[in-house]
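One-letter residues, chain by chain:
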Amino acid sequence: MLITADYFRLNEILKQMVEANAITSQEREELLHKSGLIKLEDNRWKEPEGAILTMDYDSNKQRT
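Predicted, not measured: the structure shown is a model, and the values here were computed from it.

> I keep staring at the side chain of R28 and nothing clicks. Help me out?
Within the element layout of this structure, R28 appears in helix α2 (residues 25–34). The buried charged residue R28 lacks any salt bridge, with E29 as its nearest oppositely charged partner at 4.3 Å. Of note is the side chain of R28, whose polar atom sits 2.8 Å from the side chain of N11.

Okay, here's the thing in structure tokens:
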């Protein structure tokens, strides 16, 4: 199980991958979901333990 800091690290790595055109923004969100997070709305995710995380991300910086 991941801790809160791990989710933020994962998000940073995935954002870098999107910016490098290695994955799409949609794939980033799918990977965050697979890690155990539940998407609530733009930039807001819920951990399995119930904490709400806000992860800034500009979805306009995605691969086309």
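There is more to say after this.
> Honestly, the nonpolar core in this entry has me stumped. Any pointers?
The nonpolar side chains of soluble globular proteins are, as a tendency, buried together. Core analysis: the largest hydrophobic core is formed by nine residues, namely Y7, L14, V18, I23, L32, L37, W45, L53 and M55. Per element, the largest residue contribution to this core is three residues, and it comes from helix α1 (residues 4–19).

> Can you walk me through unusual backbone geometry in this structure?
Trans is the common state for peptide bonds, and a negative phi is the common state for residues other than glycine. At N21, a position not held by glycine, the phi torsion is positive, near 60 degrees. Positionally, N21 belongs in the loop between α1 and α2. Within the chain, N43 stands out as a residue other than glycine whose phi angle is a positive 70 degrees. Position of N43 among the secondary structure elements: in the loop between β1 (38–41) and β2 (44–46).

Analysis parameters
Residues numbered from 1 in each chain as written. Predicted model: local features only at pLDDT ≥ 70, side-chain atom pairs only at ≥ 80, totals over all residues. Heavy atoms only, no water. Helix = DSSP H or I, 4+ residues; strand = E, 2+ residues; numbered from the N terminus. Buried < 20%, exposed > 50% of the residue type's maximum accessible area, 1.4 Å probe, protein only. Lys, Arg positive; Asp, Glu negative; His and termini not counted. Salt bridge = Lys/Arg side-chain N within 4 Å of Asp/Glu carboxyl O. Polar contact = N/O pair within 3.5 Å; in protein donor to acceptor, adjacent residues only side chain to side chain. Core = buried A, V, L, I, M, F, W, Y, C linked by side-chain atoms within 4.5 Å.

What is shown is where atoms sit, not what they do.
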